[in-house]
Amino acid sequence: MKLERKDLLGLRDLSREETELILNTAIPMKDVICRDIKKVPTLRGKAMVTVFYENSTRTRTSFELAGKYLSADTVNLSISTSSVQKGESLRDTIKTIEVMGFDLMVMRHAMSGTPHYVARNTRMRVINAGDGANEHPTQALLDMYTIKEKKGTLEGLKVAIVGDILHSRVARSNIYGLSKFGCDIRVVGPATLMPPGLEKLGVKSYYSLDEAINGVDVINILRIQRERQVSGLFPSLDEYAQLYMLSPRTLARAKDDVLVLHPGPINRGVEISSELADSAQALINEQVTNGVAIRMALLFLMMGGGRDEITY
Amino acid sequence: MVLREKHAIMDEMGMKRALTRIAHEIIEKNKGVDNVAVIGIRRRGGPLAQRLALRIEDIEGIKIPVGILDITLYRDDLTTLAQQPQVHRTEVNFDINGKRLVLVDDVLYTGRTVRAALDALIDLGRPECIQLAVLIDRGHRELPIKADFIGKNVPTSRQENIEVYVKELDGKDGVVIQEIIDS
(Lines give C-alpha, C1' and ligand atoms only; values in the text may rest on other atoms or scores of the structure.)
Protein backbone atom coordinates (compact mmCIF):
# COMPACT_ATOMS: atom_id res chain seq x y z
CA MET A 1 0.00 0.00 0.00
CA LYS A 2 1.31 3.41 -0.87
CA LEU A 3 0.25 6.87 -1.85
CA GLU A 4 -0.48 6.57 -5.56
CA ARG A 5 -0.49 10.23 -6.44
CA LYS A 6 1.84 13.04 -7.36
CA ASP A 7 0.17 15.69 -5.24
CA LEU A 8 -1.92 16.04 -2.10
CA LEU A 9 -4.53 18.64 -2.92
CA GLY A 10 -7.44 17.61 -0.72
CA LEU A 11 -9.05 14.81 1.24
CA ARG A 12 -12.08 14.73 -1.02
CA ASP A 13 -10.57 12.28 -3.50
CA LEU A 14 -8.20 10.51 -1.12
CA SER A 15 -9.20 6.90 -0.50
CA ARG A 16 -9.76 5.53 2.98
CA GLU A 17 -6.70 3.29 2.52
CA GLU A 18 -4.47 6.22 1.59
CA THR A 19 -5.81 8.20 4.54
CA GLU A 20 -5.04 5.31 6.88
CA LEU A 21 -1.55 4.95 5.43
CA ILE A 22 -0.82 8.61 6.18
CA LEU A 23 -2.25 8.36 9.73
CA ASN A 24 -0.31 5.14 10.43
CA THR A 25 2.95 6.50 9.04
CA ALA A 26 2.62 9.51 11.37
CA ILE A 27 2.86 7.24 14.43
CA PRO A 28 6.59 6.37 14.03
CA MET A 29 7.18 9.97 12.95
CA LYS A 30 5.77 11.20 16.25
CA ASP A 31 8.18 8.82 18.00
CA VAL A 32 11.04 10.55 16.17
CA ILE A 33 10.01 14.04 17.30
CA CYS A 34 9.67 12.87 20.89
CA ARG A 35 13.30 11.66 21.00
CA ASP A 36 16.37 13.58 22.11
CA ILE A 37 17.79 13.42 18.59
CA LYS A 38 14.91 14.55 16.44
CA LYS A 39 16.42 13.86 13.07
CA VAL A 40 16.56 11.00 10.60
CA PRO A 41 18.53 10.95 7.33
CA THR A 42 15.62 9.75 5.18
CA LEU A 43 15.19 12.69 2.80
CA ARG A 44 18.83 13.68 2.44
CA GLY A 45 19.34 15.37 -0.92
CA LYS A 46 15.69 16.33 -1.36
CA ALA A 47 14.60 19.95 -1.43
CA MET A 48 11.26 21.50 -0.60
CA VAL A 49 9.89 25.01 -0.63
CA THR A 50 6.97 26.57 1.20
CA VAL A 51 5.12 29.20 -0.78
CA PHE A 52 2.49 31.00 1.29
CA TYR A 53 0.40 33.72 -0.31
CA GLU A 54 -1.48 33.97 2.98
CA ASN A 55 -0.19 34.39 6.51
CA SER A 56 0.50 31.39 8.69
CA THR A 57 2.37 30.56 11.87
CA ARG A 58 1.86 26.90 12.55
CA THR A 59 1.29 25.35 9.14
CA ARG A 60 4.38 26.85 7.53
CA THR A 61 6.67 26.40 10.50
CA SER A 62 5.50 22.85 10.98
CA PHE A 63 6.10 21.93 7.33
CA GLU A 64 9.55 23.46 7.54
CA LEU A 65 10.37 21.60 10.73
CA ALA A 66 8.97 18.34 9.35
CA GLY A 67 11.26 18.67 6.35
CA LYS A 68 14.29 19.44 8.52
CA TYR A 69 13.61 16.51 10.87
CA LEU A 70 13.69 14.25 7.79
CA SER A 71 16.93 15.91 6.53
CA ALA A 72 15.37 17.56 3.47
CA ASP A 73 16.57 21.06 2.60
CA THR A 74 13.75 23.49 3.23
CA VAL A 75 13.32 27.02 1.97
CA ASN A 76 10.57 29.49 2.76
CA LEU A 77 9.56 31.88 0.05
CA SER A 78 8.24 35.00 1.67
CA ILE A 79 5.72 36.38 -0.77
CA SER A 80 5.59 39.82 0.84
CA THR A 81 9.30 40.37 0.10
CA SER A 82 9.42 38.50 -3.23
CA SER A 83 9.17 39.49 -6.88
CA VAL A 84 5.43 38.88 -6.66
CA GLN A 85 5.37 42.44 -5.33
CA LYS A 86 6.95 43.55 -8.64
CA GLY A 87 4.09 41.99 -10.54
CA GLU A 88 5.51 38.57 -11.41
CA SER A 89 2.70 36.21 -12.40
CA LEU A 90 1.92 33.08 -10.39
CA ARG A 91 2.94 30.86 -13.27
CA ASP A 92 6.30 32.57 -13.71
CA THR A 93 7.01 32.46 -9.99
CA ILE A 94 6.28 28.72 -9.92
CA LYS A 95 8.45 28.07 -12.97
CA THR A 96 11.33 29.95 -11.37
CA ILE A 97 11.03 27.87 -8.22
CA GLU A 98 10.78 24.66 -10.22
CA VAL A 99 13.96 25.20 -12.21
CA MET A 100 15.91 25.76 -9.00
CA GLY A 101 15.43 22.03 -8.51
CA PHE A 102 12.90 21.66 -5.72
CA ASP A 103 11.23 18.28 -5.43
CA LEU A 104 8.16 19.43 -3.56
CA MET A 105 6.22 22.62 -2.98
CA VAL A 106 3.89 23.40 -0.11
CA MET A 107 1.41 26.03 -1.15
CA ARG A 108 -1.19 28.24 0.49
CA HIS A 109 -3.32 30.67 -1.50
CA ALA A 110 -6.40 32.76 -0.80
CA MET A 111 -8.05 31.55 -4.00
CA SER A 112 -9.61 28.09 -4.09
CA GLY A 113 -8.08 25.80 -6.69
CA THR A 114 -4.73 27.59 -7.01
CA PRO A 115 -2.65 24.60 -5.81
CA HIS A 116 -4.57 22.42 -8.28
CA TYR A 117 -3.67 24.77 -11.13
CA VAL A 118 -0.03 24.85 -10.02
CA ALA A 119 0.12 21.05 -9.65
CA ARG A 120 -1.01 20.61 -13.24
CA ASN A 121 1.71 22.93 -14.46
CA THR A 122 4.81 21.74 -12.64
CA ARG A 123 6.84 18.58 -12.24
CA MET A 124 7.20 19.37 -8.52
CA ARG A 125 4.97 17.54 -6.10
CA VAL A 126 2.46 19.92 -4.55
CA ILE A 127 0.88 19.83 -1.11
CA ASN A 128 -2.09 22.10 -0.53
CA ALA A 129 -1.60 23.97 2.75
CA GLY A 130 -4.96 25.71 2.43
CA ASP A 131 -6.69 27.14 -0.64
CA GLY A 132 -9.39 29.74 -0.02
CA ALA A 133 -12.49 28.17 1.46
CA ASN A 134 -11.88 24.86 -0.29
CA GLU A 135 -9.57 22.48 1.58
CA HIS A 136 -6.81 22.31 4.17
CA PRO A 137 -5.99 18.61 4.02
CA THR A 138 -3.04 18.48 6.43
CA GLN A 139 -5.06 20.23 9.15
CA ALA A 140 -7.85 17.66 8.85
CA LEU A 141 -5.32 14.82 8.86
CA LEU A 142 -3.72 16.09 12.05
CA ASP A 143 -7.17 16.53 13.62
CA MET A 144 -7.99 12.94 12.69
CA TYR A 145 -4.65 11.73 14.03
CA THR A 146 -5.26 13.54 17.33
CA ILE A 147 -8.75 12.06 17.66
CA LYS A 148 -7.56 8.56 16.78
CA GLU A 149 -4.67 8.77 19.22
CA LYS A 150 -7.05 9.67 22.07
CA LYS A 151 -10.06 7.55 21.17
CA GLY A 152 -8.25 4.59 19.62
CA THR A 153 -10.45 4.71 16.54
CA LEU A 154 -12.32 7.10 14.28
CA GLU A 155 -14.99 4.58 13.42
CA GLY A 156 -18.51 5.83 14.12
CA LEU A 157 -17.55 8.75 16.38
CA LYS A 158 -19.95 11.67 16.80
CA VAL A 159 -18.17 14.86 15.80
CA ALA A 160 -19.51 18.41 15.95
CA ILE A 161 -17.86 21.19 13.94
CA VAL A 162 -18.75 24.60 15.35
CA GLY A 163 -18.58 28.08 13.89
CA ASP A 164 -17.93 29.66 10.53
CA ILE A 165 -18.56 26.66 8.27
CA LEU A 166 -19.04 28.86 5.20
CA HIS A 167 -15.48 30.16 5.04
CA SER A 168 -13.79 27.14 6.54
CA ARG A 169 -11.46 24.93 4.53
CA VAL A 170 -10.74 23.12 7.77
CA ALA A 171 -14.41 22.13 8.09
CA ARG A 172 -14.56 20.92 4.51
CA SER A 173 -11.43 18.78 4.76
CA ASN A 174 -12.60 17.37 8.11
CA ILE A 175 -15.97 16.45 6.62
CA TYR A 176 -14.34 14.69 3.66
CA GLY A 177 -11.85 12.92 5.88
CA LEU A 178 -14.06 11.85 8.78
CA SER A 179 -16.89 10.67 6.55
CA LYS A 180 -14.56 7.97 5.15
CA PHE A 181 -14.63 6.43 8.63
CA GLY A 182 -18.37 6.47 9.14
CA CYS A 183 -18.36 9.35 11.62
CA ASP A 184 -21.63 11.04 12.52
CA ILE A 185 -20.77 14.63 11.56
CA ARG A 186 -22.77 17.64 12.71
CA VAL A 187 -22.10 21.25 11.85
CA VAL A 188 -23.44 24.18 13.81
CA GLY A 189 -23.25 27.93 13.44
CA PRO A 190 -25.27 31.03 12.53
CA ALA A 191 -27.45 30.46 9.45
CA THR A 192 -25.48 33.11 7.56
CA LEU A 193 -22.26 31.14 8.06
CA MET A 194 -23.66 27.82 6.82
CA PRO A 195 -23.07 26.98 3.17
CA PRO A 196 -25.90 25.37 1.16
CA GLY A 197 -25.70 21.72 0.10
CA LEU A 198 -24.21 20.30 3.29
CA GLU A 199 -26.70 17.41 3.32
CA LYS A 200 -25.10 16.12 0.13
CA LEU A 201 -21.91 15.54 2.10
CA GLY A 202 -23.85 13.49 4.63
CA VAL A 203 -23.64 16.15 7.31
CA LYS A 204 -26.40 17.29 9.66
CA SER A 205 -26.83 21.04 10.15
CA TYR A 206 -27.82 22.61 13.44
CA TYR A 207 -28.37 26.17 14.55
CA SER A 208 -28.44 25.47 18.27
CA LEU A 209 -25.11 24.70 19.92
CA ASP A 210 -26.82 22.72 22.69
CA GLU A 211 -28.57 20.39 20.26
CA ALA A 212 -25.53 19.94 18.06
CA ILE A 213 -23.13 18.87 20.79
CA ASN A 214 -25.59 16.62 22.59
CA GLY A 215 -23.71 13.36 23.23
CA VAL A 216 -20.76 14.08 20.91
CA ASP A 217 -17.28 12.54 21.30
CA VAL A 218 -15.42 15.38 19.63
CA ILE A 219 -15.97 19.11 19.15
CA ASN A 220 -13.89 20.86 16.53
CA ILE A 221 -14.15 24.62 17.04
CA LEU A 222 -13.40 26.84 14.07
CA ARG A 223 -11.85 30.24 14.23
CA ILE A 224 -14.07 33.19 13.39
CA GLN A 225 -12.14 34.46 10.38
CA ARG A 226 -12.29 38.19 10.71
CA GLU A 227 -10.24 38.56 7.52
CA ARG A 228 -12.93 36.79 5.52
CA GLN A 229 -16.00 38.49 7.06
CA VAL A 230 -17.10 40.80 4.32
CA SER A 231 -19.50 42.37 6.81
CA GLY A 232 -22.96 41.82 8.11
CA LEU A 233 -22.85 38.04 8.34
CA PHE A 234 -23.53 38.32 12.04
CA PRO A 235 -24.32 41.40 14.11
CA SER A 236 -21.32 41.38 16.44
CA LEU A 237 -18.61 39.19 17.92
CA ASP A 238 -20.33 39.58 21.30
CA GLU A 239 -23.54 38.16 19.98
CA TYR A 240 -21.69 35.31 18.32
CA ALA A 241 -19.95 34.53 21.59
CA GLN A 242 -23.27 34.54 23.44
CA LEU A 243 -24.71 31.89 21.15
CA TYR A 244 -21.79 29.76 20.03
CA MET A 245 -18.79 30.18 22.31
CA LEU A 246 -17.63 26.92 23.86
CA SER A 247 -16.87 27.09 27.56
CA PRO A 248 -16.84 24.57 30.41
CA ARG A 249 -20.51 25.48 30.98
CA THR A 250 -21.75 25.01 27.39
CA LEU A 251 -19.74 21.81 27.12
CA ALA A 252 -22.01 20.07 29.64
CA ARG A 253 -24.25 18.55 26.95
CA ALA A 254 -21.41 16.66 25.30
CA LYS A 255 -19.98 13.38 26.61
CA ASP A 256 -17.86 13.63 29.77
CA ASP A 257 -14.71 12.60 27.89
CA VAL A 258 -15.35 14.89 24.93
CA LEU A 259 -12.27 16.08 23.06
CA VAL A 260 -12.04 19.76 22.17
CA LEU A 261 -10.06 20.66 19.06
CA HIS A 262 -9.28 24.03 17.52
CA PRO A 263 -7.02 24.56 14.51
CA GLY A 264 -5.72 27.85 15.92
CA PRO A 265 -5.06 30.69 16.11
CA ILE A 266 -7.75 31.04 18.76
CA ASN A 267 -9.87 34.12 19.42
CA ARG A 268 -10.23 33.92 23.19
CA GLY A 269 -13.69 34.92 24.31
CA VAL A 270 -15.16 34.65 20.81
CA GLU A 271 -15.38 31.01 19.73
CA ILE A 272 -13.70 29.51 22.80
CA SER A 273 -13.49 30.74 26.37
CA SER A 274 -10.06 31.28 27.86
CA GLU A 275 -10.87 28.82 30.62
CA LEU A 276 -11.67 26.03 28.15
CA ALA A 277 -8.74 26.84 25.87
CA ASP A 278 -6.34 26.41 28.79
CA SER A 279 -8.03 23.29 30.17
CA ALA A 280 -6.82 19.71 29.83
CA GLN A 281 -9.79 18.90 27.63
CA ALA A 282 -8.57 21.20 24.87
CA LEU A 283 -5.99 19.52 22.65
CA ILE A 284 -4.87 22.67 20.84
CA ASN A 285 -1.19 22.21 21.67
CA GLU A 286 -1.16 18.49 20.99
CA GLN A 287 -2.69 19.21 17.60
CA VAL A 288 0.31 21.37 16.76
CA THR A 289 2.78 18.63 17.75
CA ASN A 290 0.80 16.04 15.80
CA GLY A 291 0.82 18.39 12.83
CA VAL A 292 4.58 18.04 12.56
CA ALA A 293 4.26 14.23 12.62
CA ILE A 294 1.51 14.21 9.97
CA ARG A 295 3.57 16.47 7.70
CA MET A 296 6.65 14.28 8.16
CA ALA A 297 4.54 11.28 7.16
CA LEU A 298 3.37 13.04 4.01
CA LEU A 299 6.83 14.26 3.06
CA PHE A 300 8.18 10.75 3.50
CA LEU A 301 5.35 9.16 1.52
CA MET A 302 5.75 11.69 -1.29
CA MET A 303 9.55 12.00 -1.48
CA GLY A 304 10.80 8.89 0.29
CA GLY A 305 11.59 6.90 -2.80
CA GLY A 306 10.32 3.68 -4.25
CA ARG A 307 7.84 5.36 -6.50
CA ASP A 308 9.54 5.72 -9.88
CA GLU A 309 6.63 4.17 -11.74
CA ILE A 310 4.40 7.16 -11.01
CA THR A 311 3.99 9.17 -14.16
CA TYR A 312 4.01 12.91 -14.06
CA MET B 1 10.94 -12.65 -8.98
CA VAL B 2 10.31 -16.42 -9.15
CA LEU B 3 11.96 -18.53 -6.48
CA ARG B 4 12.41 -22.28 -6.28
CA GLU B 5 13.18 -23.95 -2.99
CA LYS B 6 16.45 -25.87 -3.17
CA HIS B 7 16.81 -27.32 0.27
CA ALA B 8 16.22 -26.80 3.95
CA ILE B 9 19.18 -25.58 6.02
CA MET B 10 17.63 -25.63 9.46
CA ASP B 11 14.51 -27.11 10.97
CA GLU B 12 12.71 -26.11 14.15
CA MET B 13 15.08 -28.08 16.38
CA GLY B 14 18.12 -26.71 14.58
CA MET B 15 16.95 -23.15 15.10
CA LYS B 16 16.28 -23.80 18.75
CA ARG B 17 19.76 -25.27 19.30
CA ALA B 18 21.44 -22.41 17.42
CA LEU B 19 19.62 -19.80 19.51
CA THR B 20 20.46 -21.65 22.73
CA ARG B 21 24.15 -21.68 21.79
CA ILE B 22 24.08 -17.99 20.88
CA ALA B 23 22.42 -17.24 24.23
CA HIS B 24 25.28 -19.04 26.03
CA GLU B 25 27.87 -17.19 23.94
CA ILE B 26 26.27 -13.81 24.72
CA ILE B 27 26.40 -14.59 28.44
CA GLU B 28 30.00 -15.80 28.21
CA LYS B 29 31.31 -12.90 26.14
CA ASN B 30 29.66 -10.30 28.38
CA LYS B 31 30.58 -12.12 31.61
CA GLY B 32 26.93 -12.29 32.63
CA VAL B 33 24.02 -10.20 31.44
CA ASP B 34 23.71 -7.51 34.12
CA ASN B 35 23.97 -4.68 31.64
CA VAL B 36 22.94 -6.50 28.45
CA ALA B 37 19.88 -5.81 26.29
CA VAL B 38 18.83 -7.33 22.96
CA ILE B 39 17.35 -5.38 20.07
CA GLY B 40 15.85 -7.12 17.05
CA ILE B 41 15.72 -5.60 13.58
CA ARG B 42 12.22 -5.61 12.12
CA ARG B 43 10.77 -7.89 11.04
CA ARG B 44 12.27 -11.31 11.77
CA GLY B 45 14.95 -10.01 14.08
CA GLY B 46 12.16 -9.04 16.49
CA PRO B 47 10.92 -12.55 17.36
CA LEU B 48 14.50 -13.88 17.37
CA ALA B 49 15.52 -11.22 19.92
CA GLN B 50 12.53 -12.16 22.08
CA ARG B 51 13.56 -15.83 22.01
CA LEU B 52 17.18 -15.03 22.84
CA ALA B 53 16.02 -13.01 25.84
CA LEU B 54 13.89 -15.95 27.02
CA ARG B 55 16.81 -18.41 26.65
CA ILE B 56 19.08 -16.05 28.57
CA GLU B 57 16.45 -15.79 31.29
CA ASP B 58 16.24 -19.62 31.44
CA ILE B 59 20.00 -19.87 31.88
CA GLU B 60 20.81 -16.88 34.08
CA GLY B 61 17.48 -16.19 35.77
CA ILE B 62 17.66 -12.55 34.73
CA LYS B 63 15.09 -10.78 32.56
CA ILE B 64 16.91 -8.57 30.08
CA PRO B 65 15.30 -5.67 28.17
CA VAL B 66 14.15 -6.41 24.60
CA GLY B 67 13.56 -3.86 21.88
CA ILE B 68 12.55 -3.75 18.24
CA LEU B 69 14.22 -1.46 15.74
CA ASP B 70 12.60 -0.25 12.52
CA ILE B 71 15.32 0.88 10.12
CA THR B 72 13.18 2.14 7.22
CA LEU B 73 14.04 5.80 7.83
CA TYR B 74 17.77 4.94 7.77
CA ARG B 75 17.94 2.80 4.63
CA ASP B 76 20.41 3.80 1.92
CA ASP B 77 18.39 2.30 -0.93
CA LEU B 78 15.08 4.13 -0.61
CA THR B 79 15.46 5.91 -3.94
CA THR B 80 16.29 2.72 -5.82
CA LEU B 81 13.55 0.49 -4.42
CA ALA B 82 10.62 -0.26 -6.69
CA GLN B 83 8.23 -0.24 -3.75
CA GLN B 84 8.33 2.21 -0.90
CA PRO B 85 8.57 0.26 2.36
CA GLN B 86 6.11 1.04 5.12
CA VAL B 87 7.52 2.75 8.19
CA HIS B 88 6.80 1.04 11.49
CA ARG B 89 7.52 2.01 15.06
CA THR B 90 10.80 1.50 16.79
CA GLU B 91 9.95 0.00 20.17
CA VAL B 92 12.91 0.48 22.46
CA ASN B 93 11.29 1.35 25.76
CA PHE B 94 14.43 1.48 27.87
CA ASP B 95 17.41 3.78 28.07
CA ILE B 96 20.19 2.41 25.88
CA ASN B 97 22.85 4.78 27.28
CA GLY B 98 25.68 2.74 28.76
CA LYS B 99 24.01 -0.59 27.86
CA ARG B 100 25.79 -3.50 26.20
CA LEU B 101 23.49 -4.03 23.22
CA VAL B 102 23.14 -7.16 21.14
CA LEU B 103 21.62 -6.36 17.76
CA VAL B 104 19.72 -9.35 16.33
CA ASP B 105 18.79 -10.12 12.73
CA ASP B 106 17.85 -13.24 10.80
CA VAL B 107 20.28 -13.07 7.87
CA LEU B 108 23.57 -11.17 7.47
CA TYR B 109 24.25 -10.51 3.76
CA THR B 110 25.55 -7.21 2.36
CA GLY B 111 25.76 -5.58 5.78
CA ARG B 112 23.70 -2.59 4.69
CA THR B 113 20.79 -3.36 7.01
CA VAL B 114 23.20 -3.52 9.95
CA ARG B 115 24.80 -0.23 8.88
CA ALA B 116 21.34 1.40 8.92
CA ALA B 117 20.56 -0.22 12.27
CA LEU B 118 23.78 1.14 13.81
CA ASP B 119 22.85 4.66 12.71
CA ALA B 120 19.34 4.22 14.10
CA LEU B 121 20.71 2.98 17.44
CA ILE B 122 23.20 5.81 17.81
CA ASP B 123 20.32 8.28 17.38
CA LEU B 124 18.65 6.68 20.40
CA GLY B 125 21.63 7.13 22.70
CA ARG B 126 25.19 6.06 23.41
CA PRO B 127 25.46 2.39 24.35
CA GLU B 128 28.65 1.04 25.93
CA CYS B 129 29.02 -1.35 23.00
CA ILE B 130 26.99 -2.95 20.23
CA GLN B 131 27.41 -6.62 19.30
CA LEU B 132 25.77 -8.40 16.40
CA ALA B 133 23.97 -11.75 16.48
CA VAL B 134 22.55 -13.37 13.32
CA LEU B 135 20.92 -16.71 12.67
CA ILE B 136 22.49 -17.09 9.22
CA ASP B 137 25.61 -15.49 7.74
CA ARG B 138 25.49 -15.96 3.97
CA GLY B 139 28.57 -13.89 3.02
CA HIS B 140 28.85 -11.28 0.21
CA ARG B 141 29.53 -8.34 2.51
CA GLU B 142 29.61 -4.89 0.87
CA LEU B 143 30.59 -3.05 4.06
CA PRO B 144 33.17 -3.76 6.77
CA ILE B 145 30.73 -5.47 9.13
CA LYS B 146 31.14 -8.74 10.99
CA ALA B 147 28.86 -10.71 13.31
CA ASP B 148 29.89 -11.58 16.90
CA PHE B 149 27.45 -14.47 17.19
CA ILE B 150 26.43 -16.66 14.25
CA GLY B 151 23.88 -19.48 14.17
CA LYS B 152 25.19 -20.98 10.96
CA ASN B 153 27.53 -19.94 8.15
CA VAL B 154 25.94 -20.70 4.80
CA PRO B 155 28.02 -20.06 1.68
CA THR B 156 25.63 -18.87 -1.04
CA SER B 157 25.68 -17.45 -4.53
CA ARG B 158 23.99 -14.15 -5.31
CA GLN B 159 21.50 -16.12 -7.42
CA GLU B 160 20.20 -17.66 -4.23
CA ASN B 161 17.95 -16.37 -1.50
CA ILE B 162 17.81 -17.34 2.16
CA GLU B 163 14.38 -17.38 3.73
CA VAL B 164 14.01 -17.58 7.49
CA TYR B 165 10.60 -18.55 8.86
CA VAL B 166 9.59 -17.79 12.42
CA LYS B 167 6.44 -19.11 14.08
CA GLU B 168 5.38 -15.67 15.31
CA LEU B 169 5.12 -14.28 11.78
CA ASP B 170 5.09 -17.26 9.43
CA GLY B 171 3.40 -20.00 11.45
CA LYS B 172 6.46 -22.25 11.29
CA ASP B 173 10.16 -22.29 12.16
CA GLY B 174 12.92 -23.10 9.71
CA VAL B 175 15.46 -21.82 7.20
CA VAL B 176 15.48 -22.69 3.49
CA ILE B 177 17.69 -21.79 0.59
CA GLN B 178 15.95 -20.76 -2.60
CA GLU B 179 17.16 -20.30 -6.13
CA ILE B 180 16.14 -17.25 -8.11
CA ILE B 181 15.09 -18.72 -11.46
CA ASP B 182 13.55 -15.59 -12.99
CA SER B 183 14.03 -12.02 -11.90
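Residues numbered from 1 in each chain as written. Chains lettered and ligands numbered in written order. Predicted model: local features only at pLDDT ≥ 70, side-chain atom pairs only at ≥ 80, totals over all residues. Heavy atoms only, no water.

Notes on the interface of chain A and chain B
Between chain A and chain B, the residue contacts involve 23 residues of the former and 18 residues of the latter. Approximately 1700 Å² of surface area, both sides summed, lies buried where chain A meets chain B, with 54% of it carried by carbon and sulfur atoms. One can count 2 salt bridges joining chain A with chain B. Linking A:Arg35 and B:Asp123 is a salt bridge whose minimum nitrogen-to-oxygen distance equals 3.9 Å. Looking at the side of chain A that touches chain B, the element that brings in the most residues is helix 1 (residues 16-33) of chain A, giving 7 residues. Looking at the side of chain A that touches chain B, its residues break down into 10 nonpolar, 5 polar and 8 charged. (Contact = heavy atoms within 4.5 Å. Buried area = accessible area lost by both parts, 1.4 Å probe. Salt bridge = Lys/Arg side-chain N within 4 Å of Asp/Glu carboxyl O. Helix = DSSP H or I, 4+ residues; strand = E, 2+ residues; numbered from the N terminus. Nonpolar A, V, L, I, M, F, W, Y, C, P; charged D, E, K, R; others polar.)

Some thoughts on the nonpolar core
Ranked by size, the top nonpolar core spans 88 residues in total, and within it A:Met29, A:Ile127, A:Met296, A:Leu299, B:Ile39 and B:Leu103 carry the most contacts. Element by element, the count of residues in this core is highest for helix 10 (residues 284-303) of chain A, at 11 residues. A domain-level breakdown of this core finds at least three residues from each of domain 1 (16-135 + 289-303) and domain 2 (137-284) of chain A. The residues touching A:Leu299, leaving out its near neighbours within four places in the chain, are A:Leu43, A:Met48, A:Phe63, A:Ala66, A:Gly67, A:Leu70, A:Leu104, A:Ile127 and A:Gly304. If you look at the next biggest cluster of nonpolar residues, it comprises 31 residues, including B:Met10, B:Ile26, B:Val166 and B:Ile177. (Core = buried A, V, L, I, M, F, W, Y, C linked by side-chain atoms within 4.5 Å. Buried < 20%, exposed > 50% of the residue type's maximum accessible area, 1.4 Å probe, protein only. Domains from an automatic or database assignment.)

Some thoughts on unusual backbone geometry
Negative phi values dominate among residues other than glycine, just as trans dominates among peptide bonds. Cis geometry marks the peptide bond from A:Gly264 to A:Pro265, where omega comes out at -10°. Tracing the backbone through its elements, the reader meets A:Pro265 in the loop between strand 9 (259-261) and helix 9 (274-277). Residue B:Arg42 is joined to B:Arg43 through a cis peptide bond whose omega torsion reads 0°. Note that B:Arg43 resides in the loop between strand 2 (36-41) and helix 2 (45-60). Of note in this structure, B:Lys31 is not a glycine but carries a positive phi near 50°. Tracing the backbone through its elements, the reader meets B:Lys31 in the loop between helix 1 (12-29) and strand 2. With a relative accessible area of 76%, B:Lys31 lands in the exposed category. Residue B:His140 is not a glycine yet carries a positive backbone phi of 65°. Structurally, the position occupied by B:His140 is in the loop between strand 5 (129-137) and strand 6 (149-153). Here B:His140 falls in the partly exposed class, since its relative accessible area comes to 26%.

Here's the deal with the sheet that holds strand 8 (residues 218-221) of chain A
Residues and elements named next belong to chain A. The strand order across the open sheet built from 5 strands is 7-6-5-8-9, with neighbouring strands paired in parallel fashion. The outermost strands of the open sheet, each flanked by one partner alone, are strand 7 (204-206) and strand 9. Each strand axis lies, on average, 20° off the axis of its neighbour in the sheet, ignoring direction. Judged from the 3 bridges that link them, strand 6 (residues 184-188) and strand 7 form a sheet pairing that is parallel. Residue pairing across strands places Val-187 opposite Ser-205, the latter belonging to strand 7. With respect to the sheet, helix 5 (residues 137-151) is in contact with strand 8 and strand 9, its orientation differing from that of strand 9 by roughly 165°. (Pairing = 2+ DSSP bridges. Axes fitted to C-alpha atoms, helices over the stretch in contact; angles between N-to-C directions.)

A short note on the domain arrangement of chain A
Interface size is often expressed as the accessible area that is lost when the parts come together. Residue and element names in this part refer to chain A. Domain assignment breaks chain A into domain 1 (16-135 + 289-303) and domain 2 (137-284). Residue-level contacts link 27 residues of domain 1 with 25 residues of domain 2. Buried surface at the junction of domain 1 and domain 2, summed over both partners, amounts to about 2200 Å²; 57% is from carbon and sulfur atoms. A per-residue breakdown of the area domain 1 buries against domain 2 is headed by Arg-16, Leu-23 and Glu-135, which together make up 29% of the total. Applying the counting rule to domain 1 against domain 2 returns 3 salt bridges. The tally of links from domain 1 across to domain 2 stands at 9 residue pairs in polar contact (both at pLDDT 80 or more). Every element with two or more residues in the side of domain 1 that touches domain 2 is listed here: helix 1, helix 2 (58-69), strand 3 (104-109), strand 4 (125-131) and helix 10. Counting residues per element, the side of domain 1 that touches domain 2 draws most heavily on helix 1, at 9 residues. The class makeup of the residues in the side of domain 1 that touches domain 2 is 9 nonpolar, 9 polar and 9 charged. (Polar contact = N/O pair within 3.5 Å; in protein donor to acceptor, adjacent residues only side chain to side chain.)

Here we look at the packing of aromatic side chains
A full pass over the atoms with the stated rule returns 1 aromatic pair over all chains. Between A:Tyr240 and A:Tyr244 the ring centres are 5.4 Å apart and the planes differ by 35°, which places this aromatic pair in the tilted class. Of this pair, A:Tyr240 and A:Tyr244 are both found in helix 8 (residues 237-244), 4 residues apart, which corresponds to roughly one turn of the helix. Grouping residues by exposure puts A:Tyr240 and A:Tyr244 together as buried. In this arrangement the basic side chain of A:Arg295 is found over the ring face of A:Phe63, its NZ or CZ atom lying 5.1 Å from the centre. Directly above the ring of B:Tyr165 sits B:Lys172, whose terminal nitrogen or CZ lies 4.2 Å from the centroid. (Phe/Tyr/Trp six-rings, centres within 6.5 Å; stacked < 30°, edge-to-face > 60°. Lys NZ or Arg CZ within 6 Å of the ring centre and 35° of its normal.)

Side note on the pairing of strand 7 (residues 160-165) of chain B
Residues and elements named next belong to chain B. A large share of strand 7 lies buried, amounting to 5 of its 6 residues. By the bridge criterion, 6 bridges tie strand 7 to strand 8 (residues 174-182) in an arrangement that is antiparallel. The residue bridging Val-164 from the neighbouring strand is Val-175, located in strand 8.

Thoughts on helix 3 (residues 112-122) of chain B
All names here are of chain B. Within helix 3, burial applies to Val-114, Ala-116, Ala-117, Ala-120 and Leu-121. For helix 3, the angular spread of buried residues about the axis comes to 160°, placing them on one side. Considering only its buried residues, helix 3 is in contact with strand 2, strand 3 (66-69), strand 4 (100-108) and strand 5. (Arc of directions from axis to C-beta.)

A short note on empty space enclosed by the protein
Residue and element names in this part refer to chain A. The final tally for this structure, using the stated rule, is 2 cavities of 30 Å³ or more. Put simply, the largest cavity is a space of about 80 Å³. Considering the residues around the largest cavity, the lining is formed by Arg-58, Ser-62, Gln-139, Leu-142, His-262, Pro-263, Gly-264, Ile-284, Gln-287, Val-288 and Arg-295. Residue assignment for the lining of the largest cavity shows that the elements contributing at least two residues are helix 2, helix 5 and helix 10. With 4 residues, helix 10 is the largest single contributor of residues to the lining of the largest cavity. Taken together, the residues of the lining of the largest cavity sort by class into 4 nonpolar, 5 polar and 2 charged. (1 Å grid on protein atoms, 1.4 Å probe; cavity = no way out; pocket = protein on both sides within 12 Å on 5 of 7 lines; lining within 4 Å. Points joined across faces, edges and corners; volume = space filled by probe spheres on them.)

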